[in-house]
Amino acid sequence: MCGIVGAIAQRNVSQILLEGLSRLEYRGYDSAGICTIDKNELNCIKTTGKVKNLKEAVKEKGCLGTIGIAHTRWATHGVPSEVNAHPHICENLALVHNGIIENFAELKEQLIALGYNFKSQTDTEVLVCLIHHHLQSSDNLLQAFKAALNEVKGSFGLALIDKNDSNTLYAARSGSPLIIGLGIGENFIASDTLALLPVTRRFIYLEENEIAVITTESVNVYDLDGNKIEKTAVESDLDTESISKGRYRHYMQKEIFEQPQSLQNTLLGRLRGDDISTETIVGSDENSFKDIEAIQIVACGTSYHAGLVGRYWLEELTGIPTNVEIASEYRYRKAVVRKNSLFITISQSGETADTLASLRLSKEQNYSKSLCICNVNGSSLVRESDFTLFTKAGAEIGVASTKAFTTQLLSLLILALILGKQKGTISAEQNHEIMENIRKLPNLSQEFLECDSQISKLAEEFSGKHHCLFLGRGVMFPIALEGALKLKEISYIHAEGYAAGELKHGPIALIDKEMPVVVVAPDNSLMDKLISNVEEVRARGALLYIFISKDAHIKQDEQTRKLALPDCPEILQPILFTIPLQLLAYHCAVINGTDVDQPRNLAKSVTVE
Ligand code: F6R
C-alpha cells in the first residue's frame, strides 16, 4: 500500500528516489510521482500505472535536484489518475502521504472559505494546503507542520519539502510507518527499509506522532509539542540478495521455493536438545507465560489462517482456551477478557492497520501480556508488544503470503511447546517427539516441493475453471481456507474453503461438473471422516483433486485426480500440505496470465483501515 521515498544529498537524488519506488512496487499501487527542488523551483512529475512509466517520463522531461520526495499511490480518496497522484503541491510546498486524513472534508471546506483551490479529490492536497495556511502565521515550516498535524485526525506517514529551503527535508508519522536512512553526508526517508537498502543499512524508526527535520548532516526528531527526542540508529540485517528474483520468474515462485531455507532460519539457534532457548521469544524468560489462563489471537488474511491452525496446537499442547479472530472485527467488538489472558497478534509486516489497532485496544482491556509473531524487526507491532517471536522468513516481496505463512505456523508450534513446557502440560516424551519432527521439517518441505511439475500439469486443466471449493477437516480446515485465498487472490478464480463436514449444510448445492473440488487429505485421524465427505461430493459429479498422503487409499475413477504427497508426521501436515496449494495457485495464475506478484487491487502491507 502506498510507498514513500525521500532524499537529501550533495548529488542528484532522482535516481535514488526512482530506485526506491521500484523497490516498493511490491506493496501495490496504481500511480506514482516525484518532486525535486531544482534552482528554487519544484519540479514535479506524475504518471499513472507502473513506476516504469514514471521513469520514462523523468528521462524525457528531466528531474534534477539534491533534495526530493517520491510516492507510489494506492487510491483511497479519488480515482487513480495523474491529478490525484502524489506529490501534492500548494505554492512553495510539496507533500507525499501514506494513510488517511479522516477529517479532510471539513478541513477542505474551511480552506476553500479561506480562498484555497483544489485540483484533486485527495485528502493529501487538503493537508498540504493546511500546512501552507499555518505557514502564513508561523515563524518557520516546522512550527506550521506541527500546527497542521495537531489539527488532523487519521493516520499518516508524510514527507514534505519547501522550494524556498532546499537544505531541509521534513517527515512525520502517525499510524503509518516511516523510517529515516542515515548516509554519509546524505540522509533518506522511506516507508519501508527495503527501499533504501542500496544506499544505507542504518535506520532510525520514527514512532507515533514524531516529526523529523533532516539535512545532509543532521536528523532531529520532535514530538508534536516541539520537544526534542533522542533516537538510536539500528543496523538492518536484510541483504540485497533477498530482494532480487534470482533465477525465478516471479518473487512468489522464489518465495515458495525458499521455504526449506526460511523454515530452517526459523529454527536456527533456537533448538537446544529437547529445549527451546528462552531468547526465542524476545523479552521473555522461563516464567513469563506460567500464569496464562486464556489466549486471544488476532490477525488478518493469511496470518488469521495461521492463527486458526495455532489454536489446535495451543489447546492440545497447553490446555489453554484459545480464541482466534479477524482483527477488523475484533477491534469493534466489546470482547470479554478473561483473567490472565495473553493477547497474540500475527502479522508478516507488523504494520497491518487493523491488527495494530487491535493491539492498541488490547492495552485498554484486561490482558496481562501481549505477544506478536512477526517477520519484520522494528515494525510497529514489534515495538508495541511485550514479547516478540520473529518468524525469520526473510523479506517477502510477492503480495501473496507464502513463506511468511509457513514460518508463522512453525512459530506457533514453537510457541505451543514453550507455553506447554512452562505450564507443565506436555510430557517429556511428547515434547521429544515433536522436537524430533520439527527438525525434519526443512528437508520434508524440500520433498513436498518436488510435486511442482505434477501440479503445473494439474493446473492446465484447472485454470480454465471459474469457481472451486477447497475442503479440509480439523487442523486442515484452515489450510483449505488458505488454499482458497491463495487461488482467488492471484489467479482470480473464485474459490471458497470449507470444513468438509459442513458441506451438506448448504454448499453441496453448488456441486456439479463445472465446480472442481480440491480435497486436502493427509493421512491422519480424520481421514475416514474426510473420505465419507469426498464420496458425497463424488456422487454429485464433482471433479475431484485430492492432495493425499502417498500411502493413503482413495477410490480412483475418471472424476478423480490424485496428487500423492510424501508421508509426514501428523503434527507437520498443516505446514507441509500448504506447499502444493501454493504451487497450484501459482501455476493457475501463470497460465491465466495475471500479475502474480502484484495482483490487481491488492497491497502487500495494508496500513489503512
Ligand atoms: C494473502 C495475504 C494477506 C495478508 C494480510 C495480513 O496472501 O498476504 O491476506 O496475510 O493482509 O498481512 P500481515 O500478515 O502483514 O499483517
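Everything below is about the structure printed above this text.
Residues numbered from 1 in each chain as written. Predicted model: local features only at pLDDT ≥ 70, side-chain atom pairs only at ≥ 80, totals over all residues. Heavy atoms only, no water.

(A) Structural detail: the packing of aromatic side chains. Counting across every chain of the model gives 7 aromatic pairs. Between the aromatic rings of phenylalanine 145 and tyrosine 170, the centroid separation amounts to 6.3 Å while the plane-to-plane angle is 85°, which identifies the pairing as edge-to-face. Of the two residues, phenylalanine 145 is situated in helix α5 (residues 141–151) and tyrosine 170 in strand β8 (residues 165–174); the sequence distance between them amounts to 25 residues. Phenylalanine 145 gets classed as buried once you look at its relative accessible area, which sits at 0%. Ring pairs connect the aromatic residues Tyr330, Phe343 and Tyr367, which therefore count as one cluster. One residue, arginine 600, lies across the ring of tyrosine 492, its end atom 3.8 Å from the ring centre. (Phe/Tyr/Trp six-rings, centres within 6.5 Å; stacked < 30°, edge-to-face > 60°. Helix = DSSP H or I, 4+ residues; strand = E, 2+ residues; numbered from the N terminus. Buried < 20%, exposed > 50% of the residue type's maximum accessible area, 1.4 Å probe, protein only. Lys NZ or Arg CZ within 6 Å of the ring centre and 35° of its normal.)

(B) Structural detail: the site of the ligand. Ser303, Ser347, Gln348, Thr352 and Glu489 are the nearest of the 13 residues found near the ligand. Taking glutamine 348, its main chain carries an N or O atom lying 2.7 Å from an oxygen atom of the ligand. A distance of 2.5 Å separates an oxygen atom of the ligand from a polar atom in the side chain of threonine 352. Notes on the ligand: free accessible area 410 Å², of which the protein chains cover 90%. Ranked by residue count, the leading element in the shell around the ligand is helix α8 (residues 301–318), at 3 residues. (Near = heavy atom within 4 Å. Polar contact = N/O pair within 3.5 Å; in protein donor to acceptor, adjacent residues only side chain to side chain. Areas by Shrake-Rupley, 256 points an atom, 1.4 Å probe, with all protein chains shown as cover.)

(C) Layout of the nonpolar core. Residues Phe470 and Phe547 are the most contacted members of the largest nonpolar core, which totals 86 residues. With 11 residues, helix α12 (residues 403–423) is the largest single contributor of residues to this core. (Core = buried A, V, L, I, M, F, W, Y, C linked by side-chain atoms within 4.5 Å.)

(D) Inspection of the sheet that holds strand β1 (residues 3–8) at higher detail. Reading across the sheet, the 8 strands line up as β3-β2-β4-β1-β10-β9-β11-β15 and stay open at both edges, with antiparallel pairing between neighbours. The open sheet has two edge strands, β3 (41–48) and β15 (234–235), and neither has a second partner. With 6 bridges connecting them, β1 and strand β4 (residues 67–73) associate as antiparallel partners. Paired with isoleucine 8 across the two strands is isoleucine 67, which belongs to β4. Against the sheet, helix α2 (residues 51–61) contacts β2 (31–38), β3 and β4, and its axis sits at roughly 140° relative to β3. (Pairing = 2+ DSSP bridges. Contact = heavy atoms within 4.5 Å. Axes fitted to C-alpha atoms, helices over the stretch in contact; angles between N-to-C directions.)

(E) Expanded view of the side chain of asparagine 187. With respect to the helices, strands and loops of the structure, asparagine 187 is situated in strand β10 (residues 187–190). A relative accessible area of 4% places asparagine 187 in the buried class. Separated by 3.3 Å, the side chain of asparagine 187 and the backbone nitrogen of glycine 183 make a polar contact. Setting aside residues no more than four positions away along its own chain, asparagine 187 makes contact with Gly6, Ala7, Ile8, Gly181, Leu182, Ile214, Thr215, Thr216, Glu217, Ser218 and Val219.

(F) Main features of the sheet that holds strand β27 (residues 544–549). Within the open sheet, the 5 strands sit side by side as β25-β24-β26-β27-β28. Their pairing is parallel. Looking at the sheet topology across the chains shown, the edges are occupied by β25 (494–499) and β28 (560–565). The sheet shows a mean angle of 20° between the axes of neighbouring strands, direction not considered. Sheet topology note: the strand β24 (residues 467–472)/β25 ladder contains 6 bridges and is parallel. Opposite leucine 469, over in β25, you have glutamate 496 as the bridge partner. Taken strand by strand, helix α14 (residues 452–462) contacts β24, β26 (517–521), β27 and β28, and its axis lies near 160° from that of β27. Sheet contacts for helix α15 (residues 477–491): β24, β25 and β26; angle to β25, the most-contacted strand, approximately 180°.

(G) Layout of the environment of leucine 487. Summarising the element assignment, leucine 487 is placed in helix α15. C-alpha of leucine 487 to C-alpha of tyrosine 586: the two residues are 99 residues apart in sequence and 7.6 Å apart in space. Every residue in contact with leucine 487, bar those within four places of it in the chain, is listed here: Phe462, Cys468, Phe470, Tyr492, Ile493, Ala495, Leu584, Ala585 and Cys588.

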